[in-house]
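Now for the letters of each chain:
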Amino acid sequence: LDTAWGFDPDSPRYILDSYNQNYLLFARQTSRVNNAPFAPFFTALGEPIPDGDKTEAKFQISAKARVWTTDDRQWGVWVAYTQQSQWQAYNGGISAPFRDNNYMPEAFVSYRPDLNLGGGFNWRLLNFGYNHQSNGRADLLSRSWDRVFVEAGVENGNFALQAKAWHAFNLSDNPDITDYLGYGSLRGIYKWRDHSFNVMARGNLSTGKGAAEVTWTSPRLFGPFRAYVQGFAGYGESMIDYNWSQKTIGIGVSINDTL
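Conventions we followed
Residues numbered from 1 in each chain as written. Predicted model: local features only at pLDDT ≥ 70, side-chain atom pairs only at ≥ 80, totals over all residues. Heavy atoms only, no water. Helix = DSSP H or I, 4+ residues; strand = E, 2+ residues; numbered from the N terminus. Rg over C-alpha atoms; globule rule 2.2 N^0.38 Å. Buried < 20%, exposed > 50% of the residue type's maximum accessible area, 1.4 Å probe, protein only. Areas by Shrake-Rupley, 256 points an atom, 1.4 Å probe, with all protein chains shown as cover. Lys, Arg positive; Asp, Glu negative; His and termini not counted. Charge placed at Lys NZ, Arg CZ, Asp CG, Glu CD. Polar contact = N/O pair within 3.5 Å; in protein donor to acceptor, adjacent residues only side chain to side chain. Salt bridge = Lys/Arg side-chain N within 4 Å of Asp/Glu carboxyl O. Phe/Tyr/Trp six-rings, centres within 6.5 Å; stacked < 30°, edge-to-face > 60°. Lys NZ or Arg CZ within 6 Å of the ring centre and 35° of its normal. Contact = heavy atoms within 4.5 Å. Core = buried A, V, L, I, M, F, W, Y, C linked by side-chain atoms within 4.5 Å. Patch = residues over 30% accessible without salt bridge, like charges linked within 9 Å, V, L, I, M, F, W, Y side chains within 5 Å.

Chemist: So what exactly am I meant to see when it comes to the overall build of the protein chain here?
Modeler: Helix and strand counts for the protein chain come out as 2 helices and 14 strands. Taking 18 Å as the expected radius of gyration for a compact globule of 259 residues, we find that the protein chain reaches 19 Å, a close match to that expectation. Looking at the protein chain residue by residue over its 259 residues, the buried ones come to 49%. In the form shown here, the protein chain has an accessible surface area of approximately 12,500 Å², with 61% of it arising from carbon and sulfur atoms. Here the protein chain holds 23 positive side-chain charges and 25 negative ones, and the gap between their average locations is 4 Å.

Chemist: For this particular structure, what's the right way to read the side chain of D241?
Modeler: On the secondary structure map, D241 appears in the loop between β13 (225-235) and β14 (245-254). Separated by 2.8 Å, the side chains of D241 and N34 make a polar contact.

Chemist: How do you make sense of the pattern of salt bridges when you look at a structure like this?
Modeler: Note on pairing: side chains with opposite charge can pair once their charged atoms come close. This structure, assessed with the given rule, holds 12 salt bridges. The partner of D114 in a salt bridge is R112, with the nearest N and O atoms 3.2 Å apart. Residue class for R112 comes out buried when judged on its relative accessible area of 13%. A network of salt bridges, in which partner residues are shared, links R28, E56, K58, R99, E237 and D241.

Chemist: Would you explain the packing of aromatic side chains in this entry?
Modeler: Describing an aromatic ring pair means giving the distance of the ring centres and the angle of the ring planes. In this structure the tally under the stated criterion is 15 aromatic pairs. Relative to W78, the ring of W5 lies with its centre 5.4 Å away and its plane at 80°, an arrangement referred to as edge-to-face. Placement of W5 in the segment before β1 (15-18) and of W78 in strand β4 (residues 75-87) is noted, with a sequence separation of 73 residues between them. W78 carries the same exposure label as W5, and that label is buried. Taken together, the ring pairs in this structure connect W5, Y19, W78, F108 and F149 into an aromatic cluster. Over the ring of W244 we find R32; its NZ or CZ atom is 3.9 Å from the centre of that ring.

Chemist: Help me understand the environment of V79, please; the structure alone is not making it clear to me.
Modeler: Looking at where V79 falls in the secondary structure, it is placed in strand β4. In this structure the C-alpha to C-alpha distance between V79 and A65, which are 14 residues apart in sequence, comes to 5.5 Å. Not counting chain neighbours up to four residues away, the residues in contact with V79 comprise A63, K64, A65, V67, E106 and A107.

Chemist: Got a minute to help me understand the environment of Y81 in this structure?
Modeler: Structurally, the position occupied by Y81 is in strand β4. In this structure, the C-alpha to C-alpha distance between Y81 and G208, residues 127 residues apart in sequence, is 30 Å. Ignoring anything within four residues of it in the chain, the contact list for Y81 reads I61, S62, A63, Y103, M104 and P105. A polar contact of 2.8 Å, which involves the side chain of Y81, links it to the side chain of Q83.

Chemist: What am I meant to see in the nonpolar core here?
Modeler: Burial of nonpolar side chains together is a common tendency in soluble globular proteins. W5, F108, W145, I177 and L181 are the most contacted members of the largest nonpolar core, which has 21 residues in total. Of all elements in the fold, only β4, β8 (144-156), β9 (159-169) and α2 (177-181) reach the threshold of two or more residues within this core. Here this core gets 3 residues from one element, more than from any other, and that element is α2.

Chemist: How should a nonpolar patch on the surface be read in this particular structure?
Modeler: On the surface, a nonpolar cluster with roughly 530 Å² of combined accessible area is contributed by V67, W68, W75, V79, F128 and V150. Only β3 (55-69) and β4 provide two or more residues apiece to the nonpolar patch. In this fold, W68 is placed in strand β3. Residue class for W68 comes out partly exposed when judged on its relative accessible area of 46%.

Chemist: It is not clear to me how the environment of G182 should be interpreted in this structure. Could you clarify?
Modeler: Here G182 is to be found in the loop between α2 and β10 (184-192). When the C-alpha positions of G182 and P37 are compared, they lie 21 Å apart, and in sequence the two are 145 residues distant. Residues in contact with G182, not counting those within four places in the same chain, are W166, I177, G203 and N204.

Chemist: How should I be thinking about unusual backbone geometry in this particular structure?
Modeler: Glycine aside, the phi torsion of most residues is negative, and most peptide linkages are trans. Phi at S95 takes a positive value of approximately 65°, unusual for a residue other than glycine. Tracing the backbone through its elements, the reader meets S95 in the loop between β4 and β5 (98-111). Of the residues examined, S95 reaches a relative accessible area of 65% and is grouped as exposed. The backbone phi angle of R193 is positive, close to 50°, even though this residue is not glycine. Structurally, R193 can be placed in the loop between β10 and β11 (195-204).

Just geometry here; none of it tells us what the structure is for.
Here's what the structure looks like:
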């Protein structure tokens, strides 16, 4: 966590670095294709609803920049951007469109509490800030929300745990999104011989809906590239699928680890 967030006093004052994982899944297979959001448009035209492929490509780009910090690097102000895309790359029958693009700019403050919690756990990270996430579409296909959030990170040797809670607002496009994506998430990261294993869970206990994601990132294979496997089950793998339950598995490459 100290390395990922530049808490070393000798780290550069201004940093441009990876944020969330940057990856390309060459093939991502889903258990259930979500054609429902697009159905009204084809129905209005009197056309049959085209079937999406169960196999598509998926990629994510993500970066963060520190724009201010204290001399001891214990406080910092960051801006970040993450974009995720689902691409029907193998669906030539409908011209291989991008099924959904999600855009998420953020601004937040980071702090290093440096507290020993006992049992070998040390509290290394506290973030609080704001993000906006949307798919940049209009009318029936528009999905978006704004959130203020707080995030804490603790570590114990090769294991790190990050807990994040948020308050959502501006939900006119999808007023029930928190029923499916909830009010927070929990992520565990374990490193072993330069392999990285990542488990994320989020949900809404009152509705019983949520999601889990499991990933594996290999050591470097060539240059910055690592093998990457991602499994997902539940709601909200993308904004267009926020209320759609599915199981997916994808394989590809990543150019950075989670931490």
